[in-house]
Every structure is written in structure tokens, then in C-alpha cells.
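Coordinate analysis (summary)
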There are 2 protein chains.
Amino acid sequence: MVATDDRPWDQLRELIGQRDRAAILAFLEALPAADVARAISRLPIEDQGQLLTSLEPEDAADLVDCFVDAQAASMIEQLAPEAAAAILDELPSADQADLLSELEDEQAEAILQAMDPVEAVGARALSAYDHDVAGGLMLAEYLTFSRAATVRDVLGDLGESADKYRDYDVQYAYVVGTRNRLVGVLRLRDLLLARRGTPIEELMIADPVTVLDSTPLEELDDFFDAHHFIAVPVVDGQGTIVGVVRRNAVEEALGERGASDYRKSQGIVGGEELRTMPLLLRSRRRLSWLSINIVLNICAASIIAMHQDTLTAVIALAVFLPIISDMSGCSGNQAVAVSMREMTLGLVDSRELLRVLGKEATLGVINGLTLGALVAGVAWAWKGNPYLGLVVGIAMMANTIIAVSIGGTIPLILKRFNLDPALASGPILTTVTDMSGFMIVLGLASAMIDKLAV
Amino acid sequence: MVATDDRPWDQLRELIGQRDRAAILAFLEALPAADVARAISRLPIEDQGQLLTSLEPEDAADLVDCFVDAQAASMIEQLAPEAAAAILDELPSADQADLLSELEDEQAEAILQAMDPVEAVGARALSAYDHDVAGGLMLAEYLTFSRAATVRDVLGDLGESADKYRDYDVQYAYVVGTRNRLVGVLRLRDLLLARRGTPIEELMIADPVTVLDSTPLEELDDFFDAHHFIAVPVVDGQGTIVGVVRRNAVEEALGERGASDYRKSQGIVGGEELRTMPLLLRSRRRLSWLSINIVLNICAASIIAMHQDTLTAVIALAVFLPIISDMSGCSGNQAVAVSMREMTLGLVDSRELLRVLGKEATLGVINGLTLGALVAGVAWAWKGNPYLGLVVGIAMMANTIIAVSIGGTIPLILKRFNLDPALASGPILTTVTDMSGFMIVLGLASAMIDKLAV
């Protein structure tokens, strides 16, 4: 029993083999919510596909919704286009688009062909947008009513189509004129107390605030900071309503970006990695980052190669080279993290290099003096040579100032050139600070070689 | 004019000096939303305080709401308790509690004393909770109605108190029995089509799903994965309703945790750092992390000190020590990032050490072979000595396997001991891999010293 509890996927696998729909559903419902994703992701990928086809498309869609896009896509990939299409038809439009964008173009096209034509049109329209603009974050499920409608018309439609609207997040309805141009927003709760014959045009908020479909994520965040709305209608260049962006979609996307910045800074690039993915794909993606890093590392270490004579004469320096390299990296990365945060919060403009430089350099002096004194003391105490302490202490201090100055400004510079600061800041920082650190230690040492080599 | 546009805070400062309420409001409203927070954070901290007291409490509260808690608290700190209390009275209860928790206990108490007594009771109740459990994430603004009420009673109350409820996020009302015990949930849209005399007990969903006030963030995330609700009522141990947790509060808290993990992994500890904070505070917080790191670094480098003779004989090795140290750190951090992600998604249980070890070690063999071959080739080509290539190549390969194995498992181990993996994984990883890397290179080299020292 203990073994079964620890590995619920063994039992699930058996049920899938028997294609026992009712038993599978009952099993999944009995499992704690936290264990469902883990249990399914431990199944062989073919079994995950078979699990989806064993269920009704609607239940399968609910299940797919529990997974991150990359995982959901790898499950959907196992299915015939028709089976995949039946499941996608049951997903909200935004999820359809996210999922399709994770698939190979050919496979996505085959699924779109097999989907319900109305759903496919919506999914295609959303797929055309980048994922971090209003068009890519919006929902295509929203209520529109003609400006000629009355409260009675609206209430009638709400009653008739209650089933269809149940999954909508209904708080506003949008009032449109000719060619679906947005002319007003109706708060549904305002209908509660209105007389049934009132034209909705009298109740609506006219000339509502909207965002363009091309509005980027950062501006949407600013928008929701400035407005206490739960959602905002999205219009295209002609003023036609094309969707609705909800506040929580923006918050979720920003949170996801923060977590993704973390992964990128740690060298997980080219998309999310989960340990259920194929070994060679995981290895290749990690190597793509490591191989750039090793080349940069070899460049930096070539500074040491150029000073071999100095190093042979004062071998104790070899002990301090990795310390200075690593500590400069740490100090610089702290400054990178603060700049990334201030950029996210909109507290720093990417042109304010001098301000950041000033703030970091002063801090660098304090921290550099502290760390320099510490390492100088260790060196002096160890070898009994104050000049050794002086060399490594000065090098540590100077390189800390360099590291925090570069660390603070490099994300701003990268952003101005439209490069991804989370990705590129680390390698650039450590390469430059390694080189400068090695140069300062070994340069100072060769200048003072007669005091050091005793 | 260009200078003014670039530094809007100069003009704002002038208006604050004149205490011209209308001009300040007009100025802030004319500023692009993205620039408001930046402009204000550039003011001297006393001016920020004066800005708040120049505005009506309600406008000041709107302004405070634009800032992260640490920043908002430093503005509020400038004010007399009465002025601060007037602003806090205008904030939603969850924001009151977050803000108060950022202040010194004494100051928070003084403000609570000066607040509206009803608001203060609510703020105190919320402040008692940790920020990452349901009690700390919930809103205290929600609608309750007695089980004896009818649809007419509810609609009447909604109409009468429309102003008060305007800031509530009204989609559900909660039906309570004696002692505020929760007995049902009422979807407000169900009222739309109901006859006015119907008792709400007939419309409500009885025995609604609830969460306990002590439910942790991860479980709330699982809850909202499993249930398509927008919000869930929070009850205490007696079944009394104490608040409502919204899905987007959970998403926001998770996103904030991801971003905070990123900062911690980069050595920003002891709370958020913004460059507007006092220099010595920033320096001290960063040093608290760096000083631990430098001690660990010195420990690791002591391995080199023990092998000085080998290093003097084969000085070329000194070039490869920082490369192996840095690359092992990179490889290990990739594994850390994947484990952090899988833990967040609930795809790995902290007891599954062996599974992660197996997955990482196999990947480590492939990446270790690749990187080892690369660095061996460089060493051989540089010095023309195949044995040098062999030593550094084997060391790189072995240490890559060690690094990914430790990197993958250490977050799981730290989590089991209730330590913060984002904070501690990096330093532990690099210390261990530095030591093992130095030991392997220098140990192998001293074993093959007659082949290397030529």
C-alpha cells in the first residue's frame, strides 16, 4: 500500500491500459490536487496521450489546463489531429493559442484544420499576436450587445445563453455600433436595478477607455496601476473590439516573466526545461549556454596565461585568483538584480546610466574596502607578507567597484539595445570582471615582484 | 524644456513646496502612468511625506497604492501617526496589513491607535497572519447576508449601499447563519433572473467549498488549479467566515515569490533593495551575504594552498582552475533552476532525491564529456602536452557530473529541512564544487606530475 501511495502513477497506468474511463476519472478525482500533475507527468508520454483520448474531450481539456504550456503541448503531440482538435475546441481561446504556439507549425495547422471552424478562426486570430502584447494576453470570450438593445434584450439573452456564458468571466458587457466598433461598456450589476425597457445606451459608460491590441505588457501593467479596472477592452487600429484583457492575465504574465528571468539568469535558456523532457533536448539546451560560457571563460583565463612568470614567482596568488573572480561575480550580480527589479517597477529609465553608476560606485567603495581589508588580512596572516595583502586587498577593492558599476548599468544598456538583460547580463559581467580582476592582481604583483617573491 | 521633461520631479518638488493641492493633482494626472512612481521616488524622502499630506487622504491612498510595500512604508514613516492613519483608513484592508507589517512595531501601533476603530480592528486581525497563508492574502471587504433574507432584501441593500460596495469586487455574496458561520454562497448574477420574494437560501449554493485561514500559498494554488472559482471564502477553525481569497491574489503572490527567488539567488537578501534606500542600509544588506560568501570562498581556495608545489611545477594548471570553478557553478545552477521550477509546479516531491539524481547524473555525463573534451583540446593545443589535456578534461567532466547532481538535489534537501532553497542553494553548490574541482585537478596532476612537469 505504501508503495502505491508513493507512486500513484503505477495504478493510473493500469487503468489507462484498461481504457476504463469511469475508473480513471474516479481515480484522478480521489487524488489530492497537488499530486495530479506529478502523477500524470510520470507516465510514459504515450500513456499520457492515451489518457487524454480515454476521456471525454471536455474532461481532457480540464486536465490539459492543469499543465504548463510546454507540458500540455507534449501531451497533445501524441494525439491524432482530430483527437487533439476535439480537446482544443473545449479550451478557452487564449489557451488554444498558447498551446498551438508550442507545437510544430505543421502539426498546429493540421489541428486547426480539424477544429470547429468558428473556434479555429478565433485561435488563428489570437495566435498571430506576440504573447506579451495585449492581443496575446486577451480573452476572445466576452459579451457584446448592439447599441440598439434594451435591458430586457440583454437579460433575455443572458438567461437563454446562460450555459454558454457560464465559463465567461461576466462582469461587463460591451456595446458595439456598426462593424463592431466599441461605443460603450455596460456594468452588468447596473442592470440589476434598471427598468427593463431602458435602452442600454442610456446605462452604458460611453467612450470607454481601451487599449490597442499591440500594447506591450509593461504598459498594460502601468494601465492597471492607474485604473482600478478588472478588465479592459482591446481594440484594433479601426476601433473594432477584438478581445478583453483582464488584470489577472497581466499579473500572471508579469509573475511568469519574473520566474523566467530567474531561470535565464541561471542558464536555463531556449524555453522551459522539465525533467520529463527527452535527455538529449535537455542536454543540448543547457550546452548551448555552457558552450558560450566556456569560450568566455577561456578568454578571461588567457589573462592568467599571459602572467605565468609572475604567478610562478608568487604561487600564493593562485589561491586568490578564484576568490577575486567569484566575489566580483557575486557583487556584480547583486547590482544586476537590483537594476532588474527597478526596471520592472519602472523606477529607473534605461537612459539614467550616470545616476545608477553614481549610486553603485559609492556602494562599491564601501563594500570594496570591507572585502578588500578582509582578504588582505587573510593573505598577510597566511604568508606573513604585508605586500601580498596589499596586492590582493587593492585588487579586491578595485574589482568590487568595477563589478557593481558594470552590474548596475549593463541591464539598462542591454535593454536599450533590445537585448534580454536576464539572459546576457551574467556572462558579460563575469567575463569582464574576471579579466579585470586577473589583470589587476597580476599587474600589481609584477610591479611589486621584488617585494613579493622572497 | 528637455531638461524638465527628463526630470519631472524638479517641477513636482516646486509644487509641493507651494503646497498647491490642485496643481499637484493636475501635474500627477498629466504625467504618463509609467513615470509617476519614478518621479515621486526621486524626491527627497521628506518631500515624499509632504506630498502625501498635501493631498486629500483618499488621493494620497491612491498614490500609495502605486508603490511596492517597502517604498510605501518609507513614505508613510515620514508622517505623523494621525496623518498616516487618515491615509490608511482609505486603503483596502489587505493593503493596510501589508503596509503596517513593513513599519516598526511602535510606529504601526501609534498609527493603529489613530485609525478609525472599525478599520483598525480589521487591520489588526489581518496583520496577525503570515503573508503567505490564506489569512494574509484574503480581503476583508465582502458581502454577507443573513440566511433569512430574500432576493428583495439583497437587491435593496445593494442599491442603498452601492457607494460603499463600489470598490468591492462583487461577484458573490456569502450567506451566514448564527455567529457568522458560513452556510452558503450566492452568485449575484443568479439574482438577475430570480423572483424578488424568493428566500436567498433557495438560490444559494449550500455547503460551499472553503479554505482555512491557515492554508499555505502552495495549497491555495493547487485549489485554484482544481476549481474554476474566481474567489474562495476563508473560514476560521469554527467555520466563521473571516475573509475572501481571490485567485489573482494567489497568482500575484506566486509571481512575487518567483521574482524574489531570483533576487535571493543573486544575493539580494534581507528584503527588497531599491536605490532610493539609504546607502549604508544597502551596503550592509549586501555585505551580509558577501561576507558569508567570502569565507566559503577562502575555504574552497585553501585546497589550492595545499597543492602549491604541484601548481608551481605545472603553472599552466593555474589557468584552468578558475575555468573549472566557474563552469561547474554554471552547470550546477542550471540544475538548481530546474529543480526550483519543478518544485513550484509540484512536479517533484522533495523525497524523490534518487530520481532527480539519476536524471541529472545522466545529463551530467553527456555535458561533462562535451565540456571536458573541449577544455582538454584547448589545454593540449596550448601546451602540446596530451597529459595536461587529460588531467583538465577528466577534472572538468567529473566535476560537471558532481555539480549537476548536487545542483539538482540540494534545493530538495534544503526544502525538506525547511530552509530557503533560493537563498542557500547557490553558495553551498559553488563551495562544494569549487573544492571538489580544485581537488580533482590538483590531485590528478600530482599523481601524474612526471608526465606534466617537463
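Since the model is a prediction, treat every value here as computed from it, not as a measurement.

Attention now moves to the overall build of chain A. Each helix and strand in chain A was counted, giving 25 helices and 7 strands. The C-alpha atoms of chain A give a radius of gyration of 30 Å, which is well past the 22 Å a tight globule of 454 residues would have. C-alpha atoms of chain A, sized along the principal axes, occupy 100 × 60 × 40 Å. Looking at chain A residue by residue over its 454 residues, the buried ones come to 53%. In chain A, the share of contacts with a sequence separation of at least 24, taken over all contacts with a separation of at least 6, comes to 66%. Accessible surface, chain A: about 19300 Å² in total, of which carbon and sulfur atoms supply 55%. Where the 35 positive side-chain charges of chain A centre and where its 63 negative ones centre are 5 Å apart.

With that out of the way, let us pick up the pairing of strand β7 (residues 241-246) of chain B. Residue and element names in this part refer to chain B. The buried count for β7 comes to 5 of 6 residues, which makes it a mostly enclosed element. Summarising the sheet, strand β6 (residues 231-235) and β7 pair through 5 bridges and their orientation is antiparallel. By the bridge assignment for β7, V235 is matched with I241. Connecting β6 to the antiparallel partner β7 that follows it, the hairpin turn spans 5 residues, and G239 within it adopts a positive phi of roughly 85 degrees.

Those residues of helix α13 (residues 151-160) of chain B that sit buried are V151(B), V154(B), L155(B) and L158(B). Buried residues in α13(B), looked at end-on, bunch into an arc of 95 degrees, giving them a common side. Residues of α13(B) that are exposed and point more than 90 degrees away from the buried face comprise R152(B) and E160(B). Considering only its buried residues, α13(B) is in contact with α15 (188-192) of chain A together with β1 (144-146), α14 (162-165), α15 (188-192) and α16 (200-203) of chain B.

The tally for this structure, following the rule as stated, stands at 6 cavities of 30 Å³ or more. For the lining of the largest cavity, the elements supplying multiple residues, two or more each, are α18 (247-265), α19 (279-306), α21 (317-344) and α24 (421-447) of chain A together with α18 (247-265), α19 (279-306), α21 (317-344) and α24 (421-447) of chain B. Taken together, the residues of the lining of the largest cavity sort by class into 16 nonpolar, 20 polar and 4 charged.

Okay, the relation of the copies chain A and chain B next. At an RMSD of 0.2 Å, chain A and chain B line up after a rotation of 180 degrees and a shift of 0.0 Å along the axis. Such a combination of turn and shift is consistent with a two-fold rotation axis. No C-alpha of chain A approaches the rotation axis more nearly than that of G255(A), which lies at 1.7 Å. A high fraction, 100%, of the interface residues of chain A reappear at the interface in chain B, so the copies pair face to face through one surface.

Moving on to the domain arrangement of chain A. Its domain assignment divides chain A into domain 1 (2-128), domain 2 (144-265) and domain 3 (279-452). For domain 2 of chain A versus domain 3 of chain A, the separation of C-alpha centres amounts to 50 Å.

In this structure, V36(A) sits in helix α4 (residues 33-41). Those residues within four positions of V36(A) in sequence are excluded, and the remaining contacts are L28(A), L31(A) and L63(A).

Each partner contributes to the interface: chain A provides 114 residues, whereas chain B provides 114 residues. The junction of chain A with chain B conceals about 10100 Å² of combined surface from both sides, 60% of it contributed by carbon and sulfur atoms. Three residues, Y262(A), R275(A) and R341(A), lead the burial of chain A against chain B; their summed loss comes to 9% of the area buried on that side. Remark: the boundary between chain A and chain B carries 17 salt bridges. In this structure, E352(A) and R38(B) form a salt bridge, with 3.2 Å as the shortest nitrogen-oxygen distance. On the surface where chain A and chain B come into contact, there are 34 residue pairs in polar contact (both at pLDDT 80 or more). Here the side of chain A that touches chain B is built from residues that sort into 56 nonpolar, 26 polar and 32 charged.

Looking at where E58(B) falls in the secondary structure, it is placed in helix α6 (residues 57-64). Remark: the alpha-carbon pair of E58(B) and L91(B), spanning 33 residues in sequence, is separated by 8.3 Å.

Glancing now at helix α11 (residues 117-127) of chain A. Residues and elements named next belong to chain A. Residues of α11 that are buried: A120, A123 and L126. Along the long axis of α11, the arc covered by the buried residues comes to 130 degrees, so they all point the same way. Opposite its buried face, α11 presents the exposed residues P117, V118 and V121, each directed more than 90 degrees away. Two to three positions downstream of the cap, the backbone nitrogen of V118 sits 3.0 Å from a side-chain oxygen, assigning the N-cap of α11 to D116.

A separate point is the sheet that holds strand β4 (residues 205-206) of chain B. Residue and element names in this part refer to chain B. Spatial ordering of the open sheet is given by β1-β2-β3-β4, a layout of 4 strands whose pairing is mixed. Edge positions in the sheet fall to β1 and β4, since each has one partner strand and no second. With 5 bridges connecting them, strand β2 (residues 172-176) and strand β3 (residues 182-187) associate as antiparallel partners. Note that in β3 the partner of A173 across the bridge is L186.

On to a negative patch on the surface. On the surface, E58(A), D62(A), D65(A), E90(A) and D225(B) cluster together to form a negatively charged patch. Within the secondary structure, D62(A) is located in helix α6 (residues 57-64). Residue classification places D62(A) among the partly exposed positions, given a relative accessible area of 41%.

The full count for this structure, using the stated rule, is 8 aromatic pairs over all chains. Considering the side-chain rings of F320(A) and W382(A), the 6.2 Å spacing of their centres and the 55 degrees angle between planes classify their relative orientation as tilted. Separated by 62 residues along the polypeptide, F320(A) in helix α21 and W382(A) in helix α22 (residues 353-383) bring together distant segments of the chain. Given the relative accessible area of 34%, W382(A) is considered partly exposed. One aromatic cluster is present, built from ring pairs that chain together F223(A), F224(A) and F229(A). Against the face of W382(A) rests K383(A), its NZ or CZ located 4.4 Å from the ring centre. Lying over the aromatic face of W9(B), R42(B) brings its terminal NZ or CZ to 5.3 Å of the ring centre.

Counting residues in each nonpolar core, the largest one holds 73 residues, and the members touching the most others are L311(A), L317(A), L311(B) and L317(B). Excluding anything up to four places from it in sequence, L317(B) contacts L311(B), L388(B), V391(B), V392(B), V441(B), L442(B) and A445(B).

Scanning the entire structure with this criterion turns up 41 salt bridges over all chains. Residues E360(B) and R282(A) are paired through a salt bridge, measuring 3.5 Å at the closest nitrogen-oxygen approach. Taken together, the residues E360(B) in helix α22 (residues 353-383) and R282(A) in helix α19 connect one chain to another. An identical accessibility class is assigned to E360(B) and R282(A); each is buried. Beyond isolated ion pairs, a larger network of salt bridges with shared partners links E273(A), R275(A), R282(A), R286(A), E342(B) and E360(B).

Glancing now at a positive patch on the surface. The grouping of R152(A), R196(A), R152(B) and R196(B) at the surface amounts to a positive patch. Mapped onto the secondary structure, R196(B) falls in the loop between α15 and α16. Of the residues examined, R196(B) reaches a relative accessible area of 34% and is grouped as partly exposed.

Residues and elements named next belong to chain A. Running from N to C, helix α7 (residues 69-76) and helix α9 (residues 93-102) cross one another at 70 degrees; their axes reach a closest spacing of 9 Å. Overall, the two elements α7 and α9 adopt an arrangement that is roughly perpendicular. Contact residues: D69, A70, A72, A73 and I76 in α7; D98, L99 and E102 in α9.

Criteria and thresholds
- Residues numbered from 1 in each chain as written.
- Chains lettered and ligands numbered in written order.
- Predicted model: local features only at pLDDT ≥ 70, side-chain atom pairs only at ≥ 80, totals over all residues.
- Heavy atoms only, no water.
- Helix = DSSP H or I, 4+ residues; strand = E, 2+ residues; numbered from the N terminus.
- Rg over C-alpha atoms; globule rule 2.2 N^0.38 Å.
- Buried < 20%, exposed > 50% of the residue type's maximum accessible area, 1.4 Å probe, protein only.
- Contact = heavy atoms within 4.5 Å.
- Areas by Shrake-Rupley, 256 points an atom, 1.4 Å probe, with all protein chains shown as cover.
- Lys, Arg positive; Asp, Glu negative; His and termini not counted.
- Charge placed at Lys NZ, Arg CZ, Asp CG, Glu CD.
- Pairing = 2+ DSSP bridges.
- Arc of directions from axis to C-beta.
- 1 Å grid on protein atoms, 1.4 Å probe; cavity = no way out; pocket = protein on both sides within 12 Å on 5 of 7 lines; lining within 4 Å.
- Points joined across faces, edges and corners; volume = space filled by probe spheres on them.
- Nonpolar A, V, L, I, M, F, W, Y, C, P; charged D, E, K, R; others polar.
- Least-squares fit on C-alpha atoms with pLDDT ≥ 70 in both.
- Domains from an automatic or database assignment.
- Buried area = accessible area lost by both parts, 1.4 Å probe.
- Salt bridge = Lys/Arg side-chain N within 4 Å of Asp/Glu carboxyl O.
- Polar contact = N/O pair within 3.5 Å; in protein donor to acceptor, adjacent residues only side chain to side chain.
- Patch = residues over 30% accessible without salt bridge, like charges linked within 9 Å, V, L, I, M, F, W, Y side chains within 5 Å.
- Phe/Tyr/Trp six-rings, centres within 6.5 Å; stacked < 30°, edge-to-face > 60°.
- Lys NZ or Arg CZ within 6 Å of the ring centre and 35° of its normal.
- Core = buried A, V, L, I, M, F, W, Y, C linked by side-chain atoms within 4.5 Å.
- Axes fitted to C-alpha atoms, helices over the stretch in contact; angles between N-to-C directions.
- Parallel < 35°, antiparallel > 145°, perpendicular 65-115°, else oblique.

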